[in-house]
Amino acid sequence: MSQKKILIVGAGGFIGGFIAKTSLSRGYKTWVAVRESTSRRYLDDPSLNFVVIDYDDPEAVKKSLNEALPEGQKWDYIIYNLGATKCINFLDFKRINFTYLRTFVETLKTIDKVPEKFLYMSSLSALGPWDEKNYTQADNSITPNPNTAYGLSKILSENYLELMAGIPYVIFRPTGVYGPHEKDYLMMIKSIDSHFDFGVGYKRQMLTFIYVDDLVNAMFDALESPKAINKKYNIAEGRSYTQEEFRKIVADQLGHKIVVPVKMPLWALYGVSYIAEKWGKLRLKPSTLNRDKYKIMKQRNWNCDIEDARRDFGFNPKFSLTDGIKETIAAYIKSKKK
């Protein structure tokens, strides 16, 4: 049997490097699509084939994809991991997360390179907030109602794939993804390492997580399963945690007995987010804290149902939060020693 071919779009980021590594370990002939300016720090395996794409230019996208493979050949699978989680201008979420996807998919159809499966990385934020009274789990019966520019760009992309005839899609909606090299949760770990844990809001918040290895292996399991086709899946560890539980797990792994919890009221968080956003615009650099991210941090319930993924491709996360944080902190401590 010939070696299967896969293209990973948006391969230069935190998750992309793990996808590429796993793809090679599973025996795929692997192409990684990056921008000219993309860091290749985690794409250093000589077995990788690079495709440099300018997503702002549809003709350049077409040329890059045409030249990446000999005429008449196509990738068996494509994982579309390209996207922005923070932007200076909120309108850029739609341009990067939706318009780029539309251009890419329409190009695949035009040049006859539609794969056997197209896995799109969406987000649990595409649903918007749900049930912050009883904290029930989100499943596919929930009508999406995103309240952020980021979430709206993701649901636009999901709807586009569902309505576009001839695209055999699989949509993943992962919750918070963490692991070595990830930056947002690392900020929380560094804060706890300094013996302070900053939480937001006084109402109970239930958080969910997925370790990057579990997410990436789930992608390939879904691609290889005949049952996972034209469906959407929530991806999470399978249980939720309070902020206090998260703090204790991190503190235990760091060996800290004393960590001071600091609760920030939502109105104060909004103020800080507003100022950080404006400062980021002045510096022409997107801020981790902004009014869009404020709405995500404000959300109280991140519980989600993963039974569809269990049923269709045997999704069974191997890393509990304790196990995943242990690996993440080990990488963090190693980096501090360099």
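First, a word on scope: everything that follows refers to the structure included in this document. What you see is a predicted model, and the numbers here were worked out from it, not measured in a lab. (Residues numbered from 1 in each chain as written. Predicted model: local features only at pLDDT ≥ 70, side-chain atom pairs only at ≥ 80, totals over all residues. Heavy atoms only, no water.)

Together, R41, K86, K183, R283 and K285 make up a region of like positive charge exposed at the surface. By secondary structure assignment, the location of K86 is in the loop between β4 (77-80) and α3 (91-110). (Patch = residues over 30% accessible without salt bridge, like charges linked within 9 Å, V, L, I, M, F, W, Y side chains within 5 Å. Areas by Shrake-Rupley, 256 points an atom, 1.4 Å probe, with all protein chains shown as cover. Salt bridge = Lys/Arg side-chain N within 4 Å of Asp/Glu carboxyl O. Lys, Arg positive; Asp, Glu negative; His and termini not counted. Charge placed at Lys NZ, Arg CZ, Asp CG, Glu CD. Helix = DSSP H or I, 4+ residues; strand = E, 2+ residues; numbered from the N terminus.)

Our focus in this paragraph is a nonpolar patch on the surface. Taken together, the side chains of F196, F198, I258 and V260 present a nonpolar region at the surface, about 400 Å² in accessible area. In this structure, F198 sits in strand β8 (residues 196-200).

On to the sheet that holds strand β5 (residues 117-121), then. Reading across the sheet, the seven strands line up as β3-β2-β1-β4-β5-β6-β10 and stay open at both edges, with parallel pairing between neighbours. Strands at the two margins of the open sheet, each flanked by one partner only, are β3 (49-52) and β10 (231-235). Between one strand axis and the next, the sheet turns by 20° as a mean value, whatever way the strands run. Bridge count between strand β2 (residues 29-34) and β3: four bridges; the pairing is parallel. What sits directly across from A33, in β3, is V51. In the packing of helix α6 (residues 212-224) onto the sheet, contacts are made with β1 (5-9), β4, β5, β6 (169-174) and β10, and the angle to β5 comes to roughly 150°. (Pairing = 2+ DSSP bridges. Axes fitted to C-alpha atoms, helices over the stretch in contact; angles between N-to-C directions. Contact = heavy atoms within 4.5 Å.)

Moving on, we come to the packing of aromatic side chains. Within the structure shown, the criterion is met by 26 aromatic pairs. Three or more aromatic residues joined by ring pairs make a cluster, and in this case those are Y178, Y185, F209, Y211, Y241, F246 and F319. Over the aromatic face of Y135 sits the side chain of R204, whose NZ or CZ is 4.0 Å from the ring centroid. One residue, R239, lies across the ring of Y241, its end atom 3.8 Å from the ring centre. (Phe/Tyr/Trp six-rings, centres within 6.5 Å; stacked < 30°, edge-to-face > 60°. Lys NZ or Arg CZ within 6 Å of the ring centre and 35° of its normal.)

The subject of this paragraph is the environment of T328. If you trace the backbone, T328 turns up in helix α11 (residues 321-337). Under the relative-accessibility criterion, T328 is labelled buried at 7%. Sequence-wise, T328 and Q253 are 75 residues apart; in three dimensions their C-alpha atoms are separated by 9.8 Å. Not counting the four nearest positions on each side in its chain, T328 is found in contact with Y178, G179, P180, I189 and Y211. (Buried < 20%, exposed > 50% of the residue type's maximum accessible area, 1.4 Å probe, protein only.)

Turning to empty space enclosed by the protein, a few remarks are in order. Throughout the structure, instances matching the rule amount to three cavities of 30 Å³ or more. Within this model, the largest cavity holds a volume of roughly 40 Å³. Lining the largest cavity, in full, are C87, I88, E277, G280, K281, K285, P286, S287 and N290. The residue inventory of the lining of the largest cavity, partitioned by class, reads three nonpolar, three polar and three charged. (1 Å grid on protein atoms, 1.4 Å probe; cavity = no way out; pocket = protein on both sides within 12 Å on 5 of 7 lines; lining within 4 Å. Points joined across faces, edges and corners; volume = space filled by probe spheres on them. Nonpolar A, V, L, I, M, F, W, Y, C, P; charged D, E, K, R; others polar.)

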